[in-house]
Amino acid sequence: MKTSPLPTWPPEQLAALSTQALHKAARSRVHEALARCQEVYPELPAPRVWFDLKGASAGQAHLGKGGLRFNPVLLEGNRSAYFDEVIPHEMAHWLVFHLANGSRLKPHGREWQSVMRDLFGLAPKVTHQFDIQQAQSRPYAYRCDCQIHYFTKRRHSLVVRGRRYRCRECDQTLVYCTISKP
């Protein structure tokens, strides 16, 4: 069953939405995608939706939590791409999770690719190309002989526990410093 992509939301309409209205619209888009999925799998339950994902990931289908998680920072800066690609991408995962043996299938395997192509009319792309600079918090500054490096909380905690990092340019061990991020 080949089909066309979900109807495009006008970019100017998306651009005009406040954060709260954008989240509401994204939930509506999830329901549109759910309706498309229920055409072929009527028993598919509706996912809960959260906007609490951080870091470089745009979205996540989370079977254990029973829903879809989206990165609010990346959503804000990539509205059209979220509505056209990310939400259908995560709904394809949601559908595949609920198939027989779905939890044993590869996340971006044949079944998921088939849902992306045949149900949503999209190329089955695994990763996004969003600018993730704003979405990644890197408040910990480290210096070497040639520059300042910014670390995430996770990487900083590894240093605190004894891990060492070296600069790729000057090969010096990075040292924590207490300057503020520009």
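Above this text you will find the structure in question.
Within each chain, residue numbers correspond to sequence positions counted from 1 in written order. Local features in a predicted model are, by the rule used here, given only for residues with pLDDT of at least 70; side-chain atom pairs are given and counted only at 80 or more, and totals for whole chains, interfaces and linings are based on all residues. Hydrogens are left out, water is left out, and the side-chain values use all remaining heavy atoms of the structure.

### A look at the overall build of the chain
Secondary structure summary: the chain contains six helices and six strands in total. Reading the chain from its N end, one meets helices and strands in the order α-α-β-β-β-α-α-α-β-β-α-β. Based on C-alpha atoms, the radius of gyration is set beside the globule rule, defined as 2.2 Å times the residue count to the power 0.38. In summary, the chain has a C-alpha radius of gyration of 20 Å against a globular reference of 16 Å for 182 residues, an excess of more than 25%. The cut-offs for exposure are 20% and 50% of the maximum accessible area for each residue type, with area from a 1.4 Å probe on protein chains only; residues under the lower value are buried, those over the upper are exposed, and the others partly exposed. Each of the 182 residues in the chain was classed as buried or not, and the buried ones make up 36%. Relative to all contacts within the chain whose residues are 6 or more apart in sequence, the contacts with residues 24 or more apart total 53%. Surface accessibility in these figures is a Shrake-Rupley result with a 1.4 Å probe; residues are shielded only by whichever protein chains are displayed. Looking at the chain as shown, the accessible area adds up to about 11,000 Å², and 49% of this sits on carbon and sulfur atoms. Residues scored as positive are Lys and Arg, those scored as negative are Asp and Glu, and His as well as the terminal groups of each chain are ignored. By convention, charge coordinates are those of NZ in Lys, CZ in Arg, CG in Asp, or CD in Glu. A gap of 9 Å separates the mean positions of the 26 positive and 15 negative side-chain charges of the chain. Only runs of H or I of at least four residues qualify as helices and only runs of E of at least two qualify as strands under DSSP, and these elements are numbered from the N terminus. Note on contacts: a residue pair qualifies if any of its non-hydrogen atoms lie within 4.5 Å across the two residues.

### Structural notes on the environment of Thr-173
Counting through the fold element by element, Thr-173 comes out in the loop between α6 (153-160) and β6 (175-177). Overall, the relative accessible area of 34% leaves Thr-173 in the partly exposed class. Put simply, Thr-173 and Asp-145 are 28 residues apart on the chain and 9.1 Å apart in space, counted from C-alpha to C-alpha. The contacts of Thr-173, once residues within four sequence positions are left out, are Arg-143, Arg-164, Tyr-165 and Arg-166. Distance and chemistry together define a polar contact, namely a pair of N or O atoms within 3.5 Å, with one atom able to donate a hydrogen and the other to accept it when in protein, and with adjacent residues in sequence counting only for side-chain atoms on both sides. In this structure the side chain of Thr-173 is engaged in a polar contact, spanning 2.8 Å, whose partner is the side chain of Arg-166.

### Some remarks on unusual backbone geometry
One non-glycine residue, Asp-171, lies in the positive phi region at around 65 degrees. Within the secondary structure, Asp-171 sits in the loop between α6 and β6. You can call Asp-171 partly exposed: its relative accessible area is 46%.

### Here we look at the sheet that holds strand β4 (residues 140-143)
With antiparallel pairing, the three strands of this open sheet are ordered in space as β5-β4-β6. Two strands lie at the open edges of the sheet, namely β5 (148-151) and β6, each paired on one side alone. Between one strand axis and the next, the sheet turns by 45 degrees as a mean value, whatever way the strands run. One requirement defines pairing of two strands: DSSP has to find at least two bridges between them. Examined bridge by bridge, β4 and β5 share four bridges and lie antiparallel to one another. Note that in β5 the partner of Tyr-142 across the bridge is His-149. Between N-to-C directions, angles span 0 to 180 degrees; the directions come from axes that are lines fitted to C-alpha atoms, helices contributing only their stretch in contact.

### Quick look at the packing of aromatic side chains
Any two of the Phe, Tyr and Trp rings considered here, Trp counted by its six-membered ring, make a pair once their centres fall within 6.5 Å; the pair's planes then place it as stacked at under 30 degrees, edge-to-face at over 60, or tilted in between. Under the counting rule described, the total for this entry stands at six aromatic pairs. Measuring from ring centre to ring centre gives 4.8 Å for Trp-9 and Phe-83, while their planes differ by 55 degrees; the resulting arrangement is tilted. Of the two residues, Trp-9 sits in the segment before α1 (11-15) while Phe-83 sits in helix α4 (residues 79-97), which places them 74 residues apart along the sequence. By relative accessible area, Trp-9 is classed as buried at 15%. The buried category is assigned to Phe-83, whose relative accessible area is 0%.

### Some details on the pairing of β4
Hairpin connection from β4 to β5: four residues lie between these consecutive antiparallel strands. Pairing geometry for β4 and β6, over three bridges, is antiparallel. If you follow Tyr-142 over to β6, its bridge partner there is Tyr-176.

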